[in-house]
Structure formats: structure tokens, C-alpha cells
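Residue strings, one per chain:
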Amino acid sequence: MKQIFAAVFVIIVIISFIVVAFTLTQVQQEEQRLKEGLEQRSILLAESLKETVQPNFINKSDQQLQKLIDKFEDKQRLAGMVIYDNKGETIATSSSLIANVLKTQKIAEEAMDSDAVNGDFVELTNEKMYLLATPLHDQGNVVGALMIAQDASYIDTRLNEIWKSNLLRLFIQASLISIAILLIIRWLIYEPIRGLVKFLKSARRGDLEQKSPSLSTNFFFRPLIKEISNIRGSLMEARITANEEAKLGLQKLDSPWTEQRLKVFIKDVLKDRTIFMVSNREPYIHTKKGRTINYYIPASGMVTAIEPIMQACGGMWIAQGSGDGDKLTVDQNDKLKVPPDEPKYTLKRIWLTEKEEAGYYYGFSNEGLWPLCHIAYTRPTFKKEDWEEYKKVNGKFAQTILSEIKNIERPIVLIQDFQLALVPRMIKNSRPDASVGIFWHIPWPNSESFSVCPWKKEIIDGILGADLVGFQTQLHCNNFIETVSREIESLLDFEQLTVTRNEHISFVKPFPISIAFPNPSKEKSANFDPRKLLKSLNIKTKYIGVGVDRLDYTKGILERLKAIEIFLKKYPAYIGNFTFIQIAAPSRSKIKEYQKFTEAVEKEVERVNNLFRKNSWKPIILFKRHHTQEEIYQFYKLANVCLVTSLHDGMNLVAKEFVTARNDNKGVLILSQFTGAVRELKDALIINPYNGEQTAEAIKTALELSPLEQTKKMRRMREVIKNYNIYRWSAELLKIIVNI
Ligand code: G6P
């Protein structure tokens with residue numbers, strides 16, 4: 001749009017320039033014409049008056065002369081007359097010129113000196129006048145002069161009129177031209193291009209129904225449309241071939257899984273059964289700023305993992321609407337198509353009251369279950385009123401799901417995470433035909449730790465409503481089975497890892513979650529220039545370390561900062577040469593524990609920086625705000641080392657994202673031994689985050705690792721993620737669910 005306005009502006013400037021130049025010439029010509037006319041008329045008038053004045057002048061009849069002058073005053077354009085003697089003295093003058101006779105004297109004197117008419121345009125009492133003096137003679141001698149003053153202001157009036165009318169014409173022309181340009185751009189360029197984009201998008205999505213934009217109406221675009229139609233045809237062919245290949249690939253589990261292969265798998269294996277994804281956190285949050293509504297993708301490992309599956313399979317994702325612009329973007333059924341820029345599936349939002357959110361989300365989920373499941377030495381808090389809200393909100397989610405699956409046969413309902421532990425039972429009780437799975441993204445602690453939860457039996461029973469209970473690791477599965485055996489009555493099969501309760505069997509299985517690999521949408525930043533980014537951030541350093549986390553006490557951020565301090569103390573050569581960038585997304589900030597943690601991180605950054613600060617360099621830069629995924633990918637690509645130092649983590653997808661981003665096979669990952677990811681990413685430098693000395697040594701090793709070693713390690717880690725990406729994760733989970 002900016003460019004269009006710029007083009008219109010340039011055209012208007014050019015037109016204005018032409019009009020002004022033309023008007024200037026017109027005004028000059030008109031001025032000359034009017035002046036010459038006035039001069040001619042003045043000479044004629046002066047000559048005819050001279051005939052009357054001259055005899056009286058010779059007869060020295062001053063009175064007669066004055067009478068004569070008074071008689072002619074104010075006639076037509078004649079503003080006045082003055083008669084001078086040959087010494088330049090005034091003999092008679094019109095009343096209107098009395099004040100100005102001295103100013104006019106010079107013209108008369110020049111006329112007498114040259115014995116010829118003399119005229120000039122002058123400003124008299126703010127009025128433009130034309131003064132013309134003609135000499136008076138007596139027997140051939142110059143004895144005086146008659147001067148007439150003609151009103152010349154009409155010349156300026158006329159010239160102003162020309163300017164005004166030309167500028168008005170310019171304004172009208174410019175407005176009409178602007179409107180015409182905008183309409184032409186809209187009809188001839190914008191609309192056809194929009195049609196083309198829609199057409200191409202549909203081709204990319206594999207929508208065969210979309211017709212090509214009408215060829216006849218688009219004269220300019222006809223060749224382009226033809227070419228694009230051909231490209232679309234080739235794209236479709238390639239898609240069909242890819243589908244065929246994906247079908248062949250279905251038989252071989254070891255060939256890499258792709259979005260396309262998952263689509264084909266879903267069609268073949270699920271036979272078009274609809275998938276309903278359910279989670280607390282939504283994949284797109286809309287926010288309001290003035291009149292504009294924007295959206296962002298929240299910092300959530302669960303969202304990172306699940307979103308690509310939904311993009312591949314379509315279906316519906318039910319989640320809590322949490323943005324202040326969320327209500328403004330849904331339809332009357334609280335639904336909208338997402339991703340907003342390229343819709344592929346439906347998001348259905350559930351609204352919670354403040355009280356519900358406080359008890360269910362901040363309270364029981366994040367002050368109770370979160371610290372309970374993470375062994376990070378933060379005490380869980382269990383409040384009866386929070387538990388009541390948790391039950392109520394889980395019921396609200398279940399009711400919404402049930403109404404969505406009302407008319408759907410054997411739906412597949414995949415529930416995500418610890419916020420919705422009671423939902424599987426609620427669904428299964430009402431719809432035994434539904435295939436229900438729950439995936440626990442966070443760790444499941446040992447049975448003894450879990451036993452402190454006052455409502456442990458209800459939680460376990462809620463989860464066991466599912467046909468399939470997924471955890472990140474085998475250890476978490478074992479912990480869960482052990483907890484079940486300890487807390488409730490059921491039949492356990494340790495070999496098959498199943499729990500039978502009230503004749504319903506739940507399979508318990510590990511599914512280490514992953515991310516989309518490769519991820520073309522996130523690799524948009526592939527061509528970025530790291531030096532430019534560093535310059536824009538005013539960072540001058542040799543080595544870069546990066547950490548990307550929600551501001552959460554389980555992530556080991558304080559331990560990481562301490563390790564950086566140890567590293568710099570032990571290896572001072574890196575002072576001024578190593579900068580650690582911590583990207584920290586604010587999280588759950590209404591909870592006191594999180595507020596305290598954020599303050600502690602800020603203080604620690606300040607403390608370590610004060611220890612080593614040198615000129616404009618400091619060791620740690622904290623960016624405490626939400627970053628887009630593209631921005632984060634730029635930091636991954638920039639880093640020599642990425643630090644993941646969680647005290648306890650179900651999986652930690654930051655580790656996998658860093659590896660995915662490094663298609664240059666460079667960079668080193670330092671990874672906590674307490675993450676789920678450590679079981680797969682064995683080529684990371686593995687550390688115990690509680691051991692600062694060890695982490696400091698790992699930073700040194702990482703920075704000094706030869707490029708060849710870096711490449712070897714990175715290649716192997718990329719191979720692992722490529723082979724077990726999110727498409728394979730969901731295929732394996734779904735395969736089990738449909739066969740139960
Ligand atoms: C973890 C949980 C997710 C959660 C995410 C962000 O990764 O497993 O379920 O979405 O943290 O936390 P939030 O409370 O902002 O959703």
C-alpha cells in the first residue's frame with residue numbers, strides 16, 4: 001500500500017510541477033498584455049487631456065486647472081491627475097493624490113527632461129497604480145508636465161484569479177487522478193493478484209476444487225495466469241507422486257516421516273476418523289492494541305510439538321481462549337480457522353472466568369501438579385478451593401468436547417497434559433466408543449513423591465479413563481504404573497504395561513515427543529546475517545551462548561548463570577570474548593513463586609555482569625519478553641553454544657529446536673541430564689545443572705571444540721530428530737490408539 005501511495009504522490013508532484021510552470025508562463029503573458037493595454041490607454045488619455053490642460057496652463061489659470069483636475073478625478077480607472085511646472089512644483093492636483101505628489105514628481109521630471117511621455121507602475125497607499133507623465137509645451141518649450149494616475153490593481157486581481165483557477169483545477173485533477181490510479185490498481189492489479197495468490201495457496205494445500213482466476217477478464221495477467229496454471233498442474237502432479245511415495249513409505253518405518261506421509265497415513269489408517277486435540281494452552285493467542293488485533297504463538301513445548309500435527313491432519317483443537325483479542329476473532333460457535341494466515345484446522349476456544357482460571361490454572365495445575373511432578377525442590381501447594389475449580393473446569397472442557405463429538409462416530413480424542421487429567425474419564429464415561437488418549441508432557445514423579453497429593457486417587461482414576469496414556473520416557477511410565485499400584489485397585493500387566501480397572505484397559509507407553517523436522521516455515525530466517533543482528537543489539541564479542549526458556553524455576557536458569565560466573569573466573573581469557581544471551585519468555589506471572597524467580601534471575605544477571613563488566617561489554621544479556629519463533633531461530637543460528645540446564649524436564653524441546661535450526665551442522669548443545677531429551681541427544685555435552693563446575697567446563701569444551709567435531713556431533717543429533725520427528729511421534733501414537 002505504501003508503494004501505491006508513493007507512486008500516486010510522485011505523479012501528483014509531477015502534475016503540480018507542470019501546472020505551476022504553465023501557470024507562471026500564463027501569468028507572465030497576461031501581465032504583459034494587461035500592462036501594455038494600460039500603457040496604451042494611458043498615453044491616449046494623457047494626450048487628449050493635454051489638449052485641454054495646455055491652454056489653461058499657458059494662461060496661468062491655476063484655478064481653472066484645479067477645476068479641470070477635480071472634474072476628471074475618479075473617472076473610470078483614472079485615479080487622479082497632477083500638474084507640475086517646469087521646476088517640478090505642483091500647480092494642481094487631485095485630492096486623492098495630494099499625499100503622494102512628491103513620490104510621483106520624479107516621473108514627471110523625467111518626462112520633462114526627456115521631453116517625452118514617461119510612465120511607470122508604482123505602489124501608492126497600498127494600491128498599484130500606473131503613472132504617466134506627458135510634458136506641457138509653450139511655443140515649443142517644456143513649461144510643465146501633466147501626470148495621470150491610473151488604477152492598475154485589476155492586473156493583480158486578474159493574475160490572482162488565474163492562479164486560483166489553475167490551482168483549483170490542479171486539485172480537482174490530482175484528486176481524480178489519484179482515485180483513478182487507485183481504482184486501476186485495485187481492478188487491474190490488486191484483485192487479479194489476490195485471485196492468483198488464492199489460487200496458488202489452494203494449489204499448495206492440494207485443493208483441486210479451486211478454479212483458476214477467469215482468464216478472459218485479465219488481459220494483462222493472461223500469460224502469467226497461464227504460466228501459474230501450468231506450475232499448479234506440476235505441483236499437483238508432484239503432490240500425487242509424493243502421496244504415492246508416502247504410501248510406499250508407510251510400509252517402511254525407518255524412512256523419514258514427513259507432513260505428507262502423515263497425511264496419507266491418517267487417510268489410510270484412520271479411515272477419515274476425525275481427530276479432536278484438547279489442551280489448556282491454545283496455539284494462537286490474539287491480542288488487541290487499539291483497533292488492531294494481532295496474534296502470537298505462545299512459548300509452550302506442547303504447542304511447538306502439537307501444532308505441526310494439526311497443520312498436517314486438520315481437525316479440531318479445543319483450548320482455553322486466553323488473549324484479550326480472542327473473543328473478537330471467533331464466530332458465534334467460538335471457532336476460527338487457523339493458522340490465521342493460512343487456515344488448515346479449526347480452533348475452538350473455551351472461556352474461563354477469572355475465578356476458574358485462578359483456581360484451575362494458576363492454583364491446582366501450576367502451584368500443585370507442576371511442582372509435584374517436577375523434582376525441582378519447589379514445594380507444591382494444594383488448596384481445596386483450587387481443586388474444586390480444577391474439577392469444574394475439566395468438566396467444562398469435557399462438556400465442550402462431548403458436544404463437538406455428538407454426531408461423530410468413534411471419534412479420536414487426544415488430550416494434552418496435566419491441566420486436563422480428569423477429562424479422559426469424563427469423556428469415556430459418556431462416550432465409550434471414542435478412542436481417548438492422554439499425553440503427559442511433564443515428568444511423572446516416583447510414587448512416593450506423588451503420594452503427597454491429597455486428590456491423587458481422583459487424578460489417577462481420571463487419567464485411566466484413557467485408552468492410551470503416553471509419557472515422555474520409560475521411567476515416567478514405570479513411575480506411573482508404580483503410583484497406580486500403590487494408590488488404587490487395579491490389575492497391572494508389567495509386561496504389556498497395561499492397567500485394567502473396572503474392565504477397561506489403559507495402555508501405558510512412552511512416546512518421546514519431538515518437533516517438525518525439517519521445518520521450512522521456521523527456516524525463513526535461513527538467509528539472515530548474524531553480524532547485522534549482533535550490530536543491531538550492540539553486541540561485540542567473539543563467542544555467543546544462548547538460552548531459551550520460559551521464566552520457570554524448573555529450567556535451571558539461576559544455576560546456568562552461576563556456571564557462567566565460574567567459567568569466566570576460571571578462564572578469564574573469555575572475559576570480553578563470550579556473551580551469553582538469555583531469551584526469557586514471561587510465564588505464569590500471577591504466581592508468587594514465578595514473580596520471585598523472575599526477580600532472582602534479574603538480580604543474578606546484574607550481579608554476574610557487575611563482576612566482569614568491561615567497557616561496553618558484559619557477559620550476560622537478558623531479553624525478558626516474548627519472541628517470535630523466527631526471532632528465536634536467528635539466535636539459535638547465531639550461537640556457538642546453547643545451554644539447556646533444566647533441573648527436571650519432561651522432554652525439553654528447546655534442545656531439539658536448536659539442533660533443528662543448525663542446518664550448517666555447527667554449534668554445540670549443552671544438555672541437562674535431567675531432561676527427557678538427553679536419552680536421544682547423546683551427542684550433546686551432558687551436565688548435571690546442580691554442578692556449576694561441570695557446566696563451566698562444558699562451556700569451555702563447547703567453545704573450543706573443533707569444527708570437525710562440532711559437525712560430527714550435530715549431524716548425528718540431526719539424524720536422530722529427523723528419524724523421530726513429530727510426524728512419526730503422532731503416527732505411532734495414533735497407530736496404537738486405533739488398534740486398541
Ligand atoms: C509446559 C507444559 C505445557 C504448557 C507450557 C507453557 O511445556 O507441558 O502444557 O503449555 O509449559 O506453560 P503455560 O502455563 O504458559 O501453558
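Note that this is a predicted model, so its numbers are computed, not measured.

**Overview of the overall build of the chain**
Now for step 1: Looking only at helices and strands, one finds 22 helices and 23 strands in the chain.
Now for step 2: On C-alpha atoms alone, the chain measures out to a radius of gyration of 44 Å, which is more than a quarter above the 27 Å that the 2.2 N^0.38 rule sets for 740 residues.
Now for step 3: Considering only C-alpha atoms, the chain reaches an extent of 145 × 70 × 55 Å along its principal axes.
Now for step 4: Within the chain, the proportion of its 740 residues that are buried is 52%.

**Looking at the sheet that holds strand S2 (residues 90–93)**
Now for step 1: If you walk across this open sheet you meet the 5 strands as S2-S1-S5-S4-S3, and the pairing is antiparallel. Since the sheet does not close on itself, it has two edges, and those belong to S2 and strand S3 (118–124), each with one partner. Taking the axes of each pair of neighbouring strands and ignoring which way they run, one obtains an average angle of 25 degrees across the sheet.
Now for step 2: As defined by bridge partners, S3 adjoins strand S4 (residues 127–138) across 7 bridges and the pair is classed as antiparallel. For Val-122, the partnering residue across the bridge sits in S4 and is Met-129.

**Observations concerning the sheet that holds strand S10 (residues 335–338)**
Now for step 1: Overall, mixed pairing links the 10 strands, which are arranged S10-S11-S9-S6-S12-S13-S14-S17-S16-S15 in an open sheet. Of all strands in the sheet, those with a lone pairing partner are S10 and strand S15 (491–493), marking the two edges. Here the average twist between neighbouring strands, direction ignored, is 20 degrees.
Now for step 2: One ladder, built from 5 bridges, connects strand S12 (residues 412–416) with strand S13 (residues 435–439); its direction is parallel. Within the sheet, the bridge partner assigned to Ile-412 lies in S13 and is Ser-435.

**Topic: a nonpolar patch on the surface**
Now for step 1: A cluster of nonpolar side chains, Ile-179, Leu-183, Ile-184, Trp-187, Leu-188, Ile-189, Ile-193, Val-197 and Phe-220, forms an exposed patch at the surface whose accessible area comes to about 840 Å².
Now for step 2: Considering the arrangement of structural elements, one finds Ile-179 in helix H4 (residues 153–205).

**Some words on the pairing of S4**
Now for step 1: With respect to burial, S4 is a largely interior element, 10 of its 12 residues being buried.
Now for step 2: Counting the residues that bridge the hairpin from S4 to strand S5 (residues 141–151) gives 2 residues, and of these Gln-139 lies at a positive phi of roughly 50 degrees.

**Things to note about the domain arrangement of the chain**
Now for step 1: The domains assigned to the chain are domain 1 (2–157), domain 2 (232–269), domain 3 (275–510) and domain 4 (526–723).
Now for step 2: Between the C-alpha centres of domain 2 and domain 3 the distance comes to 30 Å.
Now for step 3: Facing the 4 residues of domain 2 at the interface are 6 residues of domain 3.
Now for step 4: Linking domain 2 with domain 3 are 0 salt bridges.
Now for step 5: Remark: the boundary between domain 2 and domain 3 carries 0 residue pairs in polar contact (both at pLDDT 80 or more).

**So, the pairing of strand S16 (residues 498–501)**
Now for step 1: Across 3 bridges, S15 lies against S16 in antiparallel orientation. Note that in S16 the partner of Asp-493 across the bridge is Thr-498.
Now for step 2: What sits between the antiparallel neighbours S15 and S16 is a turn of 4 residues, in which Leu-497 has the positive phi angle 55 degrees.
Now for step 3: Pairing of S16 with strand S17 (residues 504–510) involves 4 bridges; the strand directions are antiparallel. Paired with Arg-501 across the bridge in S17 is His-504.
Now for step 4: Between S16 and the antiparallel strand that follows it, S17, lie 2 residues; Asn-502 among them carries a positive phi value of about 45 degrees.

**Some thoughts on the packing of aromatic side chains**
Now for step 1: Counting across every chain of the model gives 30 aromatic pairs.
Now for step 2: Ring centres of Tyr-360 and Phe-397 lie 6.4 Å apart, and the angle between their planes is 40 degrees; on these two criteria the pair is classed as tilted. Taken as a pair, Tyr-360 in helix H9 (residues 354–373) and Phe-397 in helix H10 (residues 384–404) lie far apart in primary sequence, 37 residues in all.
Now for step 3: Since its relative accessible area comes to 0%, Phe-397 is described here as buried.
Now for step 4: Ring centres of Tyr-553 and Tyr-594 lie 5.3 Å apart, and the angle between their planes is 55 degrees; this geometry places the pair in the tilted category. Here Tyr-553, found in the loop between strand S18 (543–550) and helix H16 (557–570), pairs with Tyr-594, found in helix H17 (residues 592–612); they are 41 residues apart in sequence, far enough to count as distant.
Now for step 5: Cluster of aromatic residues (ring-pair linked, three or more members): Tyr-360, Phe-364, Phe-382, Trp-387, Tyr-390, Phe-397 and Trp-455.
Now for step 6: Looking at Lys-509, its charged tip hangs above the ring of Phe-511, at a distance of 5.9 Å from the centre.

**Thoughts on helix H2 (residues 62–72)**
Now for step 1: Buried within H2 are the following residues: Leu-65, Leu-68 and Ile-69. Buried residues of H2 fall within an arc of 95 degrees about the axis and therefore sit on the same side. H2 presents Gln-63, Lys-67 and Lys-71 as exposed residues on the side facing more than 90 degrees away from its buried surface.
Now for step 2: In this fold, the buried residues of H2 make contact with helix H1 (2–58), strand S1 (78–85) and S2.

**Regarding the site of the ligand**
Now for step 1: Neighbouring residues of the ligand: 13 residues in total, closest Arg-281, Ser-300, Tyr-361, Asp-417 and Arg-588.
Now for step 2: One nitrogen or oxygen atom from the side chain of Gln-419 is found 3.4 Å from an oxygen atom belonging to the ligand.
Now for step 3: Out of a free accessible area of 370 Å², the ligand has 91% covered by protein chains.
Now for step 4: When residues of the shell around the ligand are traced back to their parent elements, those giving at least two are helix H7 (301–313) and H9.
Now for step 5: For the shell around the ligand, the residue count by class is 5 nonpolar, 4 polar and 4 charged.

**As for the side chain of Glu-565**
Now for step 1: In this fold, Glu-565 is placed in helix H16.
Now for step 2: Here Arg-607 takes part through its side chain, which lies 2.5 Å from a polar atom of the side chain of Glu-565.
Now for step 3: Setting aside residues no more than four positions away along its own chain, Glu-565 makes contact with Arg-607, Val-608, Leu-611 and Phe-612.

**Description of the nonpolar core**
Now for step 1: Counting residues in each nonpolar core, the largest one holds 91 residues, and the members touching the most others are Trp-440, Ile-459 and Phe-578.
Now for step 2: Taken together, domain 3 (275–510) and domain 4 (526–723) each give at least three residues to this core, which thus spans both.
Now for step 3: Not counting chain neighbours up to four residues away, the residues in contact with Ile-459 comprise Phe-364, Leu-369, Trp-387, Tyr-390, Ala-421, Leu-422, Trp-444 and Phe-450.

**Quick look at the pattern of salt bridges**
Now for step 1: Within the structure shown, the criterion is met by 47 salt bridges.
Now for step 2: Measuring nitrogen to oxygen at the nearest pair gives 2.6 Å for the salt bridge that ties Arg-349 to Glu-282. Residue Arg-349 is found in strand S11 (residues 345–350), and its partner Glu-282 is found in the loop between strand S6 (275–278) and strand S7 (285–289); the two are separated by 67 residues along the sequence.
Now for step 3: Residue Arg-349 is classed as buried on the basis of its relative accessible area, which comes to 1%.
Now for step 4: Note that Glu-709 is salt-bridged to Lys-712, the shortest N-O span being 3.4 Å. With Glu-709 and Lys-712 both in helix H21 (residues 707–723), this residue pair falls 3 residues apart, about one helical turn.
Now for step 5: Within this structure, Lys-355, Glu-356, Glu-389, Lys-392 and Lys-396 form a network of salt bridges that share partners.

Conventions used here
Residues numbered from 1 in each chain as written. Predicted model: local features only at pLDDT ≥ 70, side-chain atom pairs only at ≥ 80, totals over all residues. Heavy atoms only, no water. Helix = DSSP H or I, 4+ residues; strand = E, 2+ residues; numbered from the N terminus. Rg over C-alpha atoms; globule rule 2.2 N^0.38 Å. Buried < 20%, exposed > 50% of the residue type's maximum accessible area, 1.4 Å probe, protein only. Pairing = 2+ DSSP bridges. Axes fitted to C-alpha atoms, helices over the stretch in contact; angles between N-to-C directions. Patch = residues over 30% accessible without salt bridge, like charges linked within 9 Å, V, L, I, M, F, W, Y side chains within 5 Å. Areas by Shrake-Rupley, 256 points an atom, 1.4 Å probe, with all protein chains shown as cover. Salt bridge = Lys/Arg side-chain N within 4 Å of Asp/Glu carboxyl O. Domains from an automatic or database assignment. Contact = heavy atoms within 4.5 Å. Polar contact = N/O pair within 3.5 Å; in protein donor to acceptor, adjacent residues only side chain to side chain. Phe/Tyr/Trp six-rings, centres within 6.5 Å; stacked < 30°, edge-to-face > 60°. Lys NZ or Arg CZ within 6 Å of the ring centre and 35° of its normal. Arc of directions from axis to C-beta. Near = heavy atom within 4 Å. Nonpolar A, V, L, I, M, F, W, Y, C, P; charged D, E, K, R; others polar. Core = buried A, V, L, I, M, F, W, Y, C linked by side-chain atoms within 4.5 Å.

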